[in-house]
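# Structural description and commentary
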Amino acid sequence: MCSTESNADLRPTPSDPALVLELKTRRPPALEGRAGCETWSVDFSPDGAWFAWSMGHGIVWVVAWPLDSEDSQNGETDRGDKSFSCGHPVWGLAFGPRPHKSAAAAWQAKAPPKGNGSLLLATGLENGVIKIWSVFTGDVVFDLHGHEGVVRDLVFPQNGTLTLISTSRDKTLRIWDLAQKSVCFKEGFRLLSCENRILGKKVQVLSGHKDWISCCSVSSDCSMIASVGRFDRVQTGLNVSHPASKESLSGALLSSMVCLWSLRSYTFIRNLAGGIHKTLYLLSSCAFSPDGAVLATAAFSGSSWWVDLWDPYTAEKLATLADFFDDYGQNQISAIQFSPNGLHLAMVTDDRALRIWEPGQRGMVMQTKADRDANGLCCKYHPKGGVVATGSAL
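To keep things clear, this report deals only with the structure shown in the data block. (Residues numbered from 1 in each chain as written. Predicted model: local features only at pLDDT ≥ 70, side-chain atom pairs only at ≥ 80, totals over all residues. Heavy atoms only, no water.)

### So, the environment of Asp 371
Going by this rule: We count a stretch as a helix when DSSP gives it H or I for four or more residues in a row; a strand needs E for two or more, and each element gets its number in order from the N terminus. Throughout, a contact is declared for two residues whenever any of their heavy atoms are within 4.5 Å.
With respect to the element layout, Asp 371 can be found in the loop between β27 (366-367) and β28 (375-381). Separated by 20 residues in the primary sequence, Asp 371 and Asp 351 have C-alpha atoms spaced 5.2 Å apart. Excluding its chain neighbours within four sequence positions, the residues that come into contact with Asp 371 are Asp 351 and Arg 352.

Have a look at this one:
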């Protein structure tokens, strides 16, 4: 975890001035460095009082935050830390429900007790199952079945509802209404049927991606979902002046796009495409700014990585991070997220370094030390800002 404020209360470590603390999992030596030890996802609760991280081998830890508070250092105080055994590797996790932005600010100001029983934790597993946990009882509320691949990302919209959005390697997004008990099916961009079932919750299934979906983000007004992922190789050598080639070009663009969806009508809105690439085109992460006016996407083609900033409402590309840094494309970006005030964009790269960029400025506001023996996998800002949590594969 790293602080992005020079006056942070948490004490830095000698190894890196920005590093606040490091959580490490105790494992048998035989498991060190093997698959299954990765921290694919981290999250803070909406009020910032809890921190969750997937520590590998199907285990999720939920700890009271901050970790170095006086209460946490008092041996007579029950911190309430919990561990959840999910049975399969955990790739995505999210706290919810998340109140409206104005309500969240009031909630944080009131500092609600940690015993608030309404807090849930959703965990997305390698086998396609989503487990919904009650954070304070430690019990599984129910399982969500339907995905046929790794559940890579989970998001609760900031509208106070029991709506959960999931993305998967099965090339679909699912929008779950955890308060309902029916299932609706979509294919392509049209609704097929709705059935009442007692085995699941109400879900909208959105299809259209050509390959794995790695990430999704929801706009602050909860009207739009952005999704990105891994895409097929794009056709080359097309004659765009010929009508038939234009049709093929449209299909090629569809294979290399950011998808925007309506969270209100559950329909496809538009895609954002930055051009045709001759090699495998990958988008690893996306994030809306807190005001919803800008969408950031992290992309890869050939040997170059970059971050694009978009106007999601006009599909106009506003800026490209590669335009500001000559040596930027040397490190793969694993995850990006805007700060709560929208002034900075955090990104974690495959050399485990955390970089903080102020859009439009040259140079990074902050950059931690690189570690070639570890891979950065995820990052998440604390709801009040100032601290960024990152996960890695050691």
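### Remarks on the pairing of strand β16 (residues 213-218)
We apply this condition: Each residue gets one of three labels from its accessible area relative to the maximum for its type: buried under 20%, exposed over 50%, partly exposed in between, using a 1.4 Å probe on protein chains only. By this definition, two strands are paired if DSSP reports at least two bridges between them.
Taking burial as the measure, the six residues of β16 include six buried ones, the bulk of the element. As defined by bridge partners, β16 adjoins strand β17 (residues 224-229) across five bridges and the pair is classed as antiparallel. Bridge assignment links Ile 213 to a residue of β17, and that residue is Gly 229. Turn length for the β16-β17 hairpin, with the two strands adjacent in sequence and antiparallel, is five residues, and the turn residue Cys 222 shows positive phi of about 60 degrees.

### Observations concerning the sheet that holds strand β10 (residues 151-155)
In plain terms, the rule: Comment: axis = line fitted to C-alpha atoms, over the contacting stretch for helices; angle = value between 0 and 180 degrees taken between N-to-C directions.
The sheet built from four strands is open, its strands ordered β10-β11-β12-β15 with antiparallel pairing. Only two strands of the sheet have a single neighbouring strand rather than two, namely β10 and β15 (202-207). The average undirected angle you get between the axes of adjacent strands in this sheet is 20 degrees. In terms of strand pairing, strand β11 (residues 163-168) meets strand β12 (residues 172-177) through five bridges, oriented antiparallel. Following the sheet pairing, Leu 164 is matched in β12 by Trp 176.

### Thoughts on the side chain of Ser 41
For clarity, the threshold we go by: In protein, a polar contact means a hydrogen-donor-capable atom and an acceptor-capable atom, both N or O and within 3.5 Å, with residues adjacent in sequence counting only if both atoms are side-chain atoms; elsewhere, any N or O pair within 3.5 Å suffices.
Summarising the element assignment, Ser 41 is placed in the loop between β1 (2-3) and β2 (42-44). Separated by 3.2 Å, the side chain of Ser 41 and the backbone nitrogen of Leu 93 make a polar contact. In contact with Ser 41, other than residues within four places in its own chain, are Ala 52, Trp 53, Ser 54, Trp 91, Gly 92, Leu 93 and Cys 378.

### Comments concerning the nonpolar core
Considering soluble globular proteins, one finds that nonpolar side chains tend to be buried as a cluster. Keep this limit in mind: To define a nonpolar core, start from buried Ala, Val, Leu, Ile, Met, Phe, Trp, Tyr and Cys residues and group those joined through side-chain atoms within 4.5 Å.
Grouped together as the largest cluster of nonpolar side chains are 18 residues, with contacts concentrated most on Trp 50, Ala 52, Val 60, Val 62, Phe 95, Leu 121 and Val 135. Secondary-structure elements contributing two or more residues to this core are β3 (50-56), β4 (59-64), β6 (90-96) and β7 (120-125). If we ignore the near neighbours within four places in the chain, the residues touching Ala 52 are Ser 41, Val 42, Asp 43, Val 60, Trp 61, Val 62, Leu 93, Phe 95 and Leu 121. Listed in part, the 15 residues of the second largest apolar core include Val 151, Trp 176, Val 203 and Val 205.

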